[in-house]
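Working through the structure, step by step
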Number of protein chains: 2
Amino acid sequence: MKSFTEYSALAEQTIRDKKYPGGDIETLYGPIDYALGAGGKRLRPALALMTAEAFGGKAEEAMNAAIGLEIFHNFTLLHDDVMDNSDTRRGRESVHAKWDVNTAILSGDTMLTQATMMVSEVPDEKLRKVLDAFNAMAIKVYEGQRLDMDFESREDVTGEEYVKMIMDKTGALLGASAMIGAMIGGASDEDAARMYDYGMMLGIAFQIQDDWLDVFGDSNTFGKPIGGDINNNKKSFLMLSGLAVEGADGDALREAIKLPAGDMKVKVVTRLYEKMGISDVCKKEIAHYCSKALTALKKIKMSEENKEPFRKLLEKLTGRKK
Amino acid sequence: MKSFTEYSALAEQTIRDKKYPGGDIETLYGPIDYALGAGGKRLRPALALMTAEAFGGKAEEAMNAAIGLEIFHNFTLLHDDVMDNSDTRRGRESVHAKWDVNTAILSGDTMLTQATMMVSEVPDEKLRKVLDAFNAMAIKVYEGQRLDMDFESREDVTGEEYVKMIMDKTGALLGASAMIGAMIGGASDEDAARMYDYGMMLGIAFQIQDDWLDVFGDSNTFGKPIGGDINNNKKSFLMLSGLAVEGADGDALREAIKLPAGDMKVKVVTRLYEKMGISDVCKKEIAHYCSKALTALKKIKMSEENKEPFRKLLEKLTGRKK
């Protein structure tokens with residue numbers, strides 16, 4: 001078994017070698033190459049490769065499906081950036097900003113089909129299982145994105161609802177990446193389901209860390225401007241935790257979100273988060289989901305040696321600065 | 001075997017009974033129900049059902065895949081209407097006009113996955129073949145839509161390029177509907193490929209008829225305002241045929257397309273089409289592709305009785321008023 005970083009590098013190299021479907025219509029495929037060439041952690045394919053090998057498979061056998069999962073992820077980014085009106089992605093222009101909305105829609109659609117094609121490149125006897133897992137995951141992701149958008153116009157979103165939303169929007173894809181890797185690696189159905197739980201819990205912890213970084217991260221390494229969620233009045237985990245606080249500090253936050261977007265608003269809200277100890281609330285919540293991920297891992301029939309990279313990945317992602 | 005109209009009614013009833021995937025997030029699934037409930041010819045599922053039975057299968061066995069093909073078609077309509085900025089569809093508001101662009105994007109994405117799920121509901125031994133045909137078709141459709149958009153900013157599009165574009169954008173889905181129906185019905189690979197050709201040629205003839213209806217159709221039955229293509233300077237088959245005419249009439253058309261959108265422009269361009277005999281050019285081209293469809297049909301191993309509804313369908317679609 002290799003380390004997460006090595007699996008990530010393997011996926012990166014495969015994408016750089018353009019081992020994914022494409023064609024010669026530059027206006028359709030150029031934006032796809034651009035989006036896939038942006039680098040990033042390659043978390044989803046690396047997790048799929050790592051899981052496949054942890055169960056005794058070979059990374060090559062899972063590579064096409066793994067790249068398919070990364071293409072799916074990037075398809076959602078193209079469309080989400082249109083829906084959220086985000087002009088920046090990984091420190092570069094997003095596809096709709098560099099080209100236009102129509103390009104982001106259509107190249108995104110193409111990526112969803114490319115993703116399905118690549119995820120289907122598994123042995124015939126595993127096709128049904130893998131495809132069903134992939135499609136069920138995709139539906140969850142759309143539902144999560146819809147809930148996220150619907151939250152914007154609601155004032156009564158609870159922390160529980162938020163977790164349900166990120167389970168769908170972020171957790172399901174990490175869960176499916178681990179599960180599909182497990183299926184290809186030859187895991188039992190029970191262990192594949194446990195790997196799904198591991199990935200799901202990892203995903204929730206990852207997203208809360210992402211929300212935290214949006215406020216307390218370093219803009220040089222985060223790839224997005226700090227405070228974006230604050231300025232967009234995004235109902236992040238921090239915002240919902242802050243709004244749930246009763247009394248003077250909570251009232252101050254409820255007033256502060258009415259401020260016009262800008263550096264001032266970011267400063268005021270960040271200071272209130274600090275005063276209310278929201279950073280610690282995040283860390284506690286992250287630890288809670290990490291512990292759930294470890295519990296899922298514990299139940300899996302796998303050598304301790306093979307489990308080790310999964311534990312390290314949890315630490316890495318929840319301690320990350322970008 | 002039943003008639004096309006009966007297969008169409010079967011598909012319609014299945015959609016009315018909501019025998020397709022869904023969930024309880026109204027903001028995501030409501031627009032999908034709305035789009036699928038708009039009626040229409042149900043051409044693609046009816047063609048799939050008809051083909052399955054023509055090869056000895058049963059309509060029920062092909063029903064899920066057939067509905068999946070209709071959902072795919074409607075997914076493309078949701079996204080195309082955003083890209084083309086069309087506010088009307090089948091006499092009603094399009095999804096992005098009734099809700100918003102984000103809803104059309106996300107509910108459309110959901111429909112693509114729902115379509116893939118339903119098309120995959122075939123016996124295991126046919127899954128790979130059917131899924132590959134479906135995905136290859138989807139890629140063609142995106143390429144066709146991309147070419148169509150790219151044509152808008154080009155002045156040198158030829159009639160040949162136009163036909164290549166509608167082969168992808170319209171023909172591939174009709175081809176795949178017939179081919180997937182054939183696969184489910186138990187056709188040989190050769191006959192399934194011939195059914196693809198039949199559907200493809202039918203699709204080209206159908207699209208040219210559609211372009212013709214946009215100018216010479218009846219707005220009461222067409223479901224869209226007449227002259228929409230003219231006002232949008234759309235490079236339809238009629239426009240490209242007219243622009244290819246040299247001399248005074250062609251020059252007059254090249255001037256007329258610079259007119260501002262409005263009833264006047266539609267009248268002037270329509271009169272020029274009449275003067276140049278563009279309607280006859282269309283009819284000749286339609287007859288050409290109908291004849292190709294019949295040639296493909298002729299080669300198929302199938303009783304003459306079972307071939308009859310396919311011949312009738314050709315006549316029906318190319319003689320239609322809506």
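Reading the values: rules and limits
- Residues numbered from 1 in each chain as written.
- Chains lettered and ligands numbered in written order.
- Predicted model: local features only at pLDDT ≥ 70, side-chain atom pairs only at ≥ 80, totals over all residues.
- Heavy atoms only, no water.
- Helix = DSSP H or I, 4+ residues; strand = E, 2+ residues; numbered from the N terminus.
- Rg over C-alpha atoms; globule rule 2.2 N^0.38 Å.
- Buried < 20%, exposed > 50% of the residue type's maximum accessible area, 1.4 Å probe, protein only.
- Contact = heavy atoms within 4.5 Å.
- Areas by Shrake-Rupley, 256 points an atom, 1.4 Å probe, with all protein chains shown as cover.
- Lys, Arg positive; Asp, Glu negative; His and termini not counted.
- Charge placed at Lys NZ, Arg CZ, Asp CG, Glu CD.
- Least-squares fit on C-alpha atoms with pLDDT ≥ 70 in both.
- Axes fitted to C-alpha atoms, helices over the stretch in contact; angles between N-to-C directions.
- Parallel < 35°, antiparallel > 145°, perpendicular 65-115°, else oblique.
- Nonpolar A, V, L, I, M, F, W, Y, C, P; charged D, E, K, R; others polar.
- Buried area = accessible area lost by both parts, 1.4 Å probe.
- Salt bridge = Lys/Arg side-chain N within 4 Å of Asp/Glu carboxyl O.
- Phe/Tyr/Trp six-rings, centres within 6.5 Å; stacked < 30°, edge-to-face > 60°.
- Expected span 1.5 Å × (residues − 1).
- pLDDT = per-residue confidence, 0-100.

**Here we look at the overall build of chain A**
When helices and strands are counted, chain A shows 16 helices and 2 strands. Against the globule reference of 20 Å for 322 residues, chain A gives a C-alpha radius of gyration of 20 Å, in line with a compact fold. Each principal axis of the C-alpha atoms in chain A carries an extent, and together these give about 60 × 50 × 30 Å. Classification of the 322 residues of chain A by burial places 57% in the buried group. A fraction of 74% describes how many contacts in chain A between residues 6 or more apart in sequence connect residues 24 or more apart. Approximately 13,200 Å² of chain A is accessible, and the part contributed by carbon and sulfur atoms is 50%. Computed over 43 positive and 51 negative side-chain charges, the separation of the two mean positions in chain A equals 4 Å.

**Brief notes about the environment of F310 of chain B**
Residues and elements named next belong to chain B. Checked against the element boundaries, F310 lands in helix α16 (residues 304-318). The exposure class of F310 is buried, given its relative accessible area of 0%. The sequence separation of F310 and F4 amounts to 306 residues, and the corresponding C-alpha distance is 8.1 Å. The contacts of F310, once residues within four sequence positions are left out, are L47, M50, T51, A54, M195, Y198, L297 and M302.

**With respect to the relation of the copies chain A and chain B**
Mapping chain A onto chain B is achieved by rotating through 180 degrees and translating by 0.0 Å along the same axis, at an RMSD of 0.0 Å. Here the copies are linked by what is in effect a two-fold axis.

**Concerning the packing of helix α1 (residues 4-16) of chain A against helix α4 (residues 59-83) of chain A**
Residue and element names in this part refer to chain A. With their axes 10 Å apart at the nearest point, α1 and α4 run at an angle of 70 degrees to one another. One finds that α1 runs roughly perpendicular with respect to α4. Residue-level contacts link Y7, L10, A11, T14 and I15 of α1 to A59, M63, I67 and E70 of α4. A per-class count over the contact of α1 with α4 returns 7 nonpolar, 1 polar and 1 charged.

**Observations concerning the interface of chain A and chain B**
Between chain A and chain B, the residue contacts involve 37 residues of the former and 37 residues of the latter. Regarding the contact of chain A and chain B, the summed buried area is about 3,300 Å², with carbon and sulfur atoms giving 66% of it. Of all residues in chain A, L106, R128 and R146 of chain A give up the largest surface area on contact with chain B, accounting jointly for 19% of the area buried on that side. Between the two partners, chain A and chain B, sit 2 salt bridges.

**Let's talk about the side chain of T103 of chain A**
Residue placement: T103 of chain A occurs in helix α6 (residues 101-119). Ignoring any residue separated from it by four or fewer positions in sequence, one finds T103 of chain A in contact with T27, P31, V95 and G108 of chain A together with R146 of chain B.

**A few points about the packing of helix α7 (residues 124-152) of chain A against helix α2 (residues 26-36) of chain B**
For any two helices packed against each other, the geometry comes down to the angle between their axes and how far apart the axes lie. Two elements in contact, α7 of chain A and α2 of chain B, have axes whose closest approach is 9 Å; the angle formed by their N-to-C orientations is 110 degrees. Between α7 of chain A and α2 of chain B, the interaxial angle falls into the category roughly perpendicular. Contacts between α7 of chain A and α2 of chain B involve I139, Y142, E143, R146 and D150 of chain A from the first element and T27, L28 and Y29 of chain B from the second. Of the residues belonging to the contact of α7 of chain A with α2 of chain B, the class tally is 4 nonpolar, 1 polar and 3 charged.

**A short note on the packing of aromatic side chains**
Residue and element names in this part refer to chain A. In the structure shown here, the tally under the stated rule is 14 aromatic pairs over all chains. With centroids separated by 5.5 Å and ring planes inclined at 35 degrees, the aromatic side chains of W212 and F216 adopt a geometry described as tilted. In this pair, W212 and F216 both sit in helix α9 (residues 189-216), 4 residues apart, roughly one turn of the helix. Looking at W212, the relative accessible area reads 13%, which means it is buried. What makes F216 partly exposed here is its relative accessible area of 22%. Taken together through their ring pairs, the aromatic side chains of F72, F75, F134 and Y142 make up a single cluster.

**A closer look at helix α9 (residues 189-216) of chain B**
For α9 of chain B, with 28 residues, the first-to-last C-alpha span of 40 Å sits near the 40 Å given by 1.5 Å per residue. Of all 28 residues in α9 of chain B, 21 are buried; the element is thus mostly enclosed.

**Considerations on the confidence of the model for chain A**
Chain-level pLDDT for chain A is 95 on average; 99% of the residues reach the 70-or-more range. At the level of chain-chain contacts, confidence expressed as ipTM amounts to 0.95, with global pTM at 0.96.

**Quick look at the pattern of salt bridges**
All names here are of chain A. On inspection of all chains with the given rule, the structure shows 43 salt bridges over all chains. Salt-bridge contacts for R42 lead to E12; the nearest nitrogen and oxygen are separated by 2.6 Å. Linking R42 in the loop between α2 (26-36) and α3 (43-54) with E12 in helix α1, this pair joins segments that are 30 residues apart in sequence. You can call R42 buried: its relative accessible area is 2%. In this structure, E70 and R42 form a salt bridge, with 2.8 Å as the shortest nitrogen-oxygen distance. Taken together, the residues E70 in helix α4 and R42 in the loop between α2 and α3 connect sequence positions 28 residues apart. A relative accessible area of 1% places E70 in the buried class. One connected set of salt bridges, linked through shared partners, spans E12, R16, R42 and E70.

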